[in-house]
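In case you want the letters, here they are:
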Amino acid sequence: MDNSPLRVLTVPTFPYADQRPGTNGLRRKVHVFQSRRNYLHNFIQSIFSSIDLRDRQGSTVVVGGDGRFFNQTAIEVIVQMAAANGVGRLIVGHHGLMSTPACSCVIRKFKAIGGIILTASHNPAGPDGDLGIKFNTANGGPANDTVTNKIYQISRTIEEFAICPGLRLDLTTLGKQTFDLENKFKPFIVEIVDAVESYANLMRNIFDFAALKELLSGENHITIRLDAMHGVVGPYVKRILCEELGCPANSAVNCVPMEDFGGQCPDPNLIHAADLVDSMRDGEPDFGAAFDGDGDRNMILGKHGLFVSPSDSVAVIADNIFCIPYFQHRGVRGFARSMPTSAALDRVAKATKIELYETPTGWKFFGNLMDAGRLSLCGEESFGTSGDHIREKDGLWAALAWLSILATRRQSVEDILKYHWLKYGRNYYTRYDYENIDIDAACEMMEDLEIMIADKSFVKRRFAVEDKIYQVEKADNFEYTDPVDSSITRNQGLRINFSDGSRIIYRLSGTSSGGATVRIYLESYEKEHVFQETQVVLSPLATIAIKISQLHHRTGRTGPSVIT
Ligand code: G1P
Ligand code: ZN
């Protein structure tokens, strides 16, 4: 065996103009990474170069991914580049796998300076699918705009990258591996860790596992069904729910991670998780949940597939927050939601006199508030919910939070939800997505809309549909001033607020890998009529939203690609 130190090479490269990270990292089709020379290397080098050399030398960095196609290939490159860039220790998930919440947990546990997560979340995977690269910082959360802008600026002028091409890693064996590098005194260390165990341990310290065990496998146990959609969270579900809390094996479905997620879109909503909804509809389970490819999103269902909207879910958890021991011990510092998420949470915040923050879309904005000790629980309408135990949204945590409420209240999901609406009134909520729209048409529509709503005469304008009249009360382009560091984030979505509390919001997605996705968010509040059909209640607002944006006319579409 050759024991000579590994060579560190500096390889010339040329920059790409399109490596600006979106809402949640850089997402591109796999073939972009495969066919464009050094496309991956450039971005990884830009990440490392964005970290001050003094912080990087000898530091600890975490690497993991959702197991999708190209995950392993990318990890091999990242490991070789980390070694060449002065990183002292890499913590890598067993087989290269780590859910996004586990990655956040591991970064914090090992006091790493950050982590590189390979995931395109719920986007399709496989040779024709997507790959994503996210960089999280030392707090365990997605890098903020200052950091991502720095990465992007470096990527635009990059001329070379450093790599240790001879470094070969064994991802299958847990434990430490050391490598000697030329011109380095200290060896480069890689630790392959059981991220499932680290994460499970965190959950044990948050929830009352004895009470959950009683709920799930005690004498009067309920029945549940959890769908991991062949994403990375399957082994976490198995370890925690089945092995530890005693759920029968058939409570956990699609729990074997697959490179292409079984050819499905691992997106936990009524469309993509239709199998779970169908199986619940006629089945016996009292509770259901689905998770996305990297395990940060969740969908909560009650018996017969009763859907709990994510905006309601976070509000219900907030209202029942002391069912979770973690919050009993630590207290509750604040609630937060992204701007397009419904105001159901605001009502709980108001009643409980807890501060509420409204942030731009994307989890990174919550992290600052949590680090400053101002935020305990937050959520997004896009099936994201979490507490301040980590700095990412956390799908399995949300399911365990709901199960903790069921264990304490011993009521059904339906009763809990209905009680909530009767207590607070109901924020009816839906989102229309128009995917793969021509980018120019989408931008033009947003520009025209902005001009229209900025006109003084727009306020007080009335729109009549069927027997309903909506009067504009306020309209703007959402802008956020971070209360912790005073940074300003502009251009976060066009909002039209009506005098009855209804809202229409337009936003362009920051996560699509091709074309533009236009999102329209519709919300209406009813104090008393809380048991109506969501789509019926919101249909007049939808008509107005489509009419004033001329969306169908501009794009040739006749309806949204997805309604959630
Ligand atoms: C979407 C969601 C957003 C979420 C993000 C990452 O971003 O809308 O809430 O944080 O995915 O999961 P968008 O495509 O809307 O920019
Ligand atoms: Zn995700």
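We now turn to the structure provided with this report.

Rules used throughout
Residues numbered from 1 in each chain as written. Chains lettered and ligands numbered in written order. Predicted model: local features only at pLDDT ≥ 70, side-chain atom pairs only at ≥ 80, totals over all residues. Heavy atoms only, no water. Donors = N, O, S within 2.8 Å, 3.2 Å for Na, K, Ca; no water. Tetrahedral: all angles 85-135°; square planar, octahedral: opposite > 155°, others 65-115°. Buried < 20%, exposed > 50% of the residue type's maximum accessible area, 1.4 Å probe, protein only. Near = heavy atom within 4 Å. Polar contact = N/O pair within 3.5 Å; in protein donor to acceptor, adjacent residues only side chain to side chain. Areas by Shrake-Rupley, 256 points an atom, 1.4 Å probe, with all protein chains shown as cover. 1 Å grid on protein atoms, 1.4 Å probe; cavity = no way out; pocket = protein on both sides within 12 Å on 5 of 7 lines; lining within 4 Å. Sits in = over half its atoms within 2 Å of the grid points. Nonpolar A, V, L, I, M, F, W, Y, C, P; charged D, E, K, R; others polar. Helix = DSSP H or I, 4+ residues; strand = E, 2+ residues; numbered from the N terminus. Expected span 1.5 Å × (residues − 1). Pairing = 2+ DSSP bridges. Axes fitted to C-alpha atoms, helices over the stretch in contact; angles between N-to-C directions. Points joined across faces, edges and corners; volume = space filled by probe spheres on them. Phe/Tyr/Trp six-rings, centres within 6.5 Å; stacked < 30°, edge-to-face > 60°. Lys NZ or Arg CZ within 6 Å of the ring centre and 35° of its normal.

### Notes on the coordination of the zinc ion (ligand 2)
Six octahedrally arranged donors around a metal ideally form angles of 90 or 180 degrees; four tetrahedrally arranged donors ideally form angles of 109.5 degrees. Within the first shell, the zinc ion (ligand 2) binds the protein through S121 (OG), D292 (OD), D294 (OD) and D296 (OD), at distances of 2.0 to 2.1 Å. If you look at the zinc ion (ligand 2), its four donor atoms make angles of 86 to 162° with each other, and the shape they trace is irregular. Positions of the donor residues of the zinc ion (ligand 2) along the chain correspond to the pattern S-x170-D-x1-D-x1-D. The same class applies to D294 as to D296, namely buried.

### Quick look at the site of ligand 1
Not every one of the 15 residues close to ligand 1 is listed here, only the nearest: T23, S382, S509, T511 and R519. Side-chain polar atom of S382 to an oxygen atom of ligand 1: 2.5 Å apart, as the coordinates give it. R507 has a polar side-chain atom sitting 2.7 Å from an oxygen atom of ligand 1. Contact with the protein chains hides 99% of the accessible area of ligand 1, taken as 380 Å² for the molecule alone. When atoms are counted within 2 Å of each cavity's grid points, the one that captures over half of ligand 1 is the second largest pocket. Here the shell around ligand 1 is composed, by residue class, of no nonpolar, eight polar and seven charged.

### Regarding helix α15 (residues 395–409)
Helix length check: α15, at 15 residues, gives a terminal C-alpha distance of 21 Å against a target of 21 Å (1.5 Å per residue), a fit within 8%. The element α15 is extensively covered by neighbouring structure, given that twelve of its 15 residues are classed as buried. Within α15 the residues assigned to the buried category are G395, L396, W397, A398, A399, L400, A401, W402, L403, S404, I405 and L406. Measuring from the side-chain oxygen of the N-cap residue of α15 to the backbone nitrogen of L396 gives 3.5 Å; that N-cap residue is D394. Immediately downstream of α15, the backbone of R410 shows phi near 50°, a positive value.

### Structural notes on the sheet that holds strand β3 (residues 60–65)
A sheet is described by the order of its strands in space; here seven strands give the open sequence β2-β6-β5-β3-β4-β9-β8, paired in mixed fashion. Edge positions in the open sheet fall to β2 (26–29) and β8 (175–179), since each of these has one partner strand only. Across this sheet, the average inter-strand angle for adjacent strands is 20°, counted without regard to direction. Bridge count for strand β5 (residues 114–118) against strand β6 (residues 130–137) is five bridges, and the pairing is antiparallel. By the bridge assignment, G115 is partnered in β6 with N136.

### Let's talk about the layout of surface pockets
A volume near 1100 Å³ is recorded for the largest pocket. Surrounding the largest pocket, 38 residues form its lining, G22, T23, L508, S509 and G510 being those nearest its centre. For the second largest pocket, the calculated volume is near 810 Å³. Lining the second largest pocket are 40 residues, with H122, N123, E435, T511 and R519 sitting closest to its centre. No other element matches strand β19 (residues 426–437), which puts four residues into the lining of the second largest pocket. Its residues assigned to classes, the lining of the second largest pocket comprises six nonpolar, 19 polar and 15 charged.

### Some words on the packing of aromatic side chains
With the rule as written, the count across this model stands at 15 aromatic pairs. Pairing Y16 with Y39 gives two aromatic rings, centres 5.0 Å apart and planes at 65°, and the pair type is edge-to-face. With Y16 in the loop between β1 (9–12) and β2 and Y39 in helix α2 (residues 39–50), this residue pair connects regions lying 23 residues apart in the sequence. Given a relative accessible area of 11%, Y16 falls into the buried group. The ring of Y525 has R347 sitting right over it, with the charged end atom 3.4 Å from the ring centre. Over the aromatic face of W421 sits the side chain of R426, whose NZ or CZ is 3.8 Å from the ring centroid.

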